[in-house]
Amino acid sequence: MSFKVCTCFLVFIGFIIFNPQTTLGAQEIPCFFSFGDSLVDNGNNNNLDTTSKANYRPYGIDFPDGPTGRFTNGRTIIDIVAQLLGFNDFIPPFATASGQEIIKGINYGSGGAGIRDETGKHRGDNLSFNKQMLNHRTTISRIASLIGNETSARKHLSKCLYSVMIGSNDYINNYYLPQNYNSSSKYTPDQYAAALIQQYLDQLMTLYNYGARKLVLFGLGPLGCIPTEISMFPTPTCVDSINDAVQLFNDRLKQLVEDLNTRLSQAKLIYINVSSIQFGAPASIGFINDMKRGTFKFVRGVVRPVM
């Protein structure tokens, strides 16, 4: 899964944002900033008052440092991409980043976070996309003090890569939890997608005004096929209504990227169509769907947590 996503990601980076002669393994960009949810979080939730944290086993069982707050057994997609782009070290989480390392980038991801501020709050605190951007504003000030002034900082940031992978929780930990949130009673799926994209646009323009010029935006995957959603509906397979709702968001996000590339001549945005990536049947690689717990269980060897 991660390999296919990263391959797609790097092809776009090499042929659209950067020179076609880009050589993977040699650092081609000076800095890398990541925003998102549990798919990219690498420790920002560790000290928050939330159940959305992963700094304990079995998380991290295949990671050199053990459990770090990554919601996976090993590296995240962002870790892998950073390595393939030539970074010697993993991009540090905002919660612990300090000194000169912030110049090369920060990971702001937070498990449970969404485009909407209330998303995921039933599980405790998280850093919504708006909060992550406030943290980025703090980082910019710190970078400015390190390299001279804010003008120098913005020039530096214009060369950086920005990755945003967010929106899944706005569905699975908001819209499809009517016992906790009223969004599904206020919006039809089409209206909700439109509202999310409008807020997303405002947030992206804030990043642009902060100096971001190279942005990669990930669409949402088939959320109706994750175990927790299947376990909530009377179906042994994917929940089509959820996947259909997610597709409304993805269609609008793709159009948004096209519009911004037309409007913002100094910027280059890329849309990654995650839904089009074929992962194959989970059972074919040894996973079964544990309906009682709403998780995948790896039945050929060690159990792997899947988020």
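Residues numbered from 1 in each chain as written. Predicted model: local features only at pLDDT ≥ 70, side-chain atom pairs only at ≥ 80, totals over all residues. Heavy atoms only, no water.

Quick reminder of the rule: UniProt positions are given in the numbering used here, feature names are shortened, and annotations may be inferred rather than shown by experiment.
Naming follows an unreviewed UniProt entry, where the chain appears as GDSL esterase/lipase At1g29670-like isoform X2 of Coffea arabica. Under the UniProt heading Sequence similarities (unreviewed entry), the entry covering the chain gives this text: "Belongs to the 'GDSL' lipolytic enzyme family." For the record of the chain, the UniProt heading Subcellular location (unreviewed entry) holds the text "Secreted".

Focus on the packing of aromatic side chains
Pairs of aromatic rings are described using the distance from one ring centre to the other and the angle between the two planes. Note the following rule: Pairing of aromatic rings covers Phe, Tyr and the six-membered ring of Trp, with a centre-to-centre limit of 6.5 Å; geometry is then stacked below 30 degrees between planes, edge-to-face above 60, and tilted otherwise. Helix and strand definitions follow DSSP, with helices as H or I runs of at least four residues and strands as E runs of at least two, each counted in order from the N terminus. Any residue under 20% of the maximum accessible area for its type is buried, any over 50% is exposed, and the rest in between are partly exposed; the area is computed with a 1.4 Å probe on protein chains only.
Applying the stated criterion across every chain, the model contains 19 aromatic pairs. Ring geometry for Phe-33 versus Tyr-108: centroids 6.4 Å apart, planes at 20 degrees, classification stacked. Note that Phe-33 is positioned in strand 1 (residues 32-36) and Tyr-108 in the loop between helix 2 (77-84) and helix 3 (129-147), a separation of 75 residues in sequence. Look at Phe-33 and you get buried, because its relative accessible area is 0%. Where Phe-94 meets Tyr-108, the ring centres are 5.7 Å apart and the plane angle is 35 degrees; that geometry is what we call tilted. Pair noted here: Phe-94 is in the loop between helix 2 and helix 3 and Tyr-108 is in the loop between helix 2 and helix 3, with a separation of 14 residues, a long-range link. Assessed through its relative accessible area of 1%, Tyr-108 is described here as buried.

Re empty space enclosed by the protein
The following threshold applies: Site definitions follow a grid-based scheme: protein atoms alone, a 1 Å grid, a 1.4 Å probe that fits but cannot get out for cavities, and for pockets an open set with protein on both sides within 12 Å along at least five of seven lines, plus lining residues having an atom within 4 Å of a point. Grid points are joined across faces, edges and corners, and a volume is the space filled by probe spheres set on the points.
Scanning all chains against the criterion turns up one cavity of 30 Å³ or more. Roughly 30 Å³ of internal volume is contained in the largest cavity. Residue lining of the largest cavity: Leu-204, Met-205, Tyr-208, Leu-215, Leu-260, Leu-264 and Leu-269, and that is the complete set. Here the element with the most residues in the lining of the largest cavity is helix 7 (residues 189-210); it accounts for three residues.

Thoughts on the nonpolar core
For clarity, the cut-off: Buried residues of nine kinds, namely Ala, Val, Leu, Ile, Met, Phe, Trp, Tyr and Cys, make up a nonpolar core once their side-chain atoms join them within 4.5 Å. Contacts are residue-level and defined by heavy atoms, with any inter-residue pair within 4.5 Å sufficient.
Formed by 54 residues in total, the largest nonpolar core has its most connected members in Phe-33, Tyr-171, Tyr-200 and Phe-249. It is helix 7 that provides the largest number of residues to this core, a total of 11 residues. With residues near it in sequence (within four places) discarded, Phe-33 still touches Ile-102, Gly-105, Ile-106, Tyr-108, His-136, Thr-139, Ile-143, Leu-157, Cys-160, Leu-161, Tyr-162 and Ser-163. Residues Ile-78, Val-81, Ala-82 and Ile-270 belong to the second largest nonpolar core, which totals 17 residues.

Concerning the packing of helix 3 against helix 4 (residues 150-157)
As a reminder, the rule being used: In this analysis, axes come from line fits to C-alpha atoms, helices being fitted only over the stretch in contact, and the angle between any two N-to-C directions falls in the range 0 to 180 degrees. These descriptions rest on fixed angle ranges, namely under 35 degrees for roughly parallel, over 145 for roughly antiparallel, 65 to 115 for roughly perpendicular, and the rest for oblique. Left-handed is the label given to a crossing in which the near helix is rotated counterclockwise from the far helix by less than a right angle, and right-handed is the label when the rotation is clockwise. When residues are grouped by polarity, Ala, Val, Leu, Ile, Met, Phe, Trp, Tyr, Cys and Pro land in nonpolar, Asp, Glu, Lys and Arg in charged, and all others, Gly among them, in polar.
Running from amino to carboxyl end, helix 3 crosses helix 4 at an angle of 115 degrees, the nearest separation of the two axes being 8 Å. Of the possible angle classes, the one that applies to helix 3 and helix 4 is roughly perpendicular. Note on packing geometry: the crossing formed by helix 3 with helix 4 is right-handed. Contacts between helix 3 and helix 4 involve His-136, Arg-137, Ile-140, Ile-143, Ala-144 and Ile-147 from the first element and Glu-150, Ser-152, Ala-153, Arg-154, His-156 and Leu-157 from the second. Residues of the contact of helix 3 with helix 4, tallied by class, amount to six nonpolar, three polar and three charged.

Quick word on the pairing of strand 1
Looking along a regular strand, one sees the side chains alternate between the two faces of the sheet. As a reminder of what qualifies: Strand pairing follows a simple DSSP-based rule, namely that at least 2 bridges must link the two strands.
Burial of strand 1 is extensive: five of the five residues sit out of reach of the surface. The alternating pattern of strand 1 places Phe-32, Ser-34 and Gly-36 on one face and Phe-33 and Phe-35 on the opposite face, and all of these are buried. Summarising the sheet, strand 1 and strand 2 (residues 161-165) pair through five bridges and their orientation is parallel. When the bridges of strand 2 are listed, Phe-32 appears paired with Leu-161.

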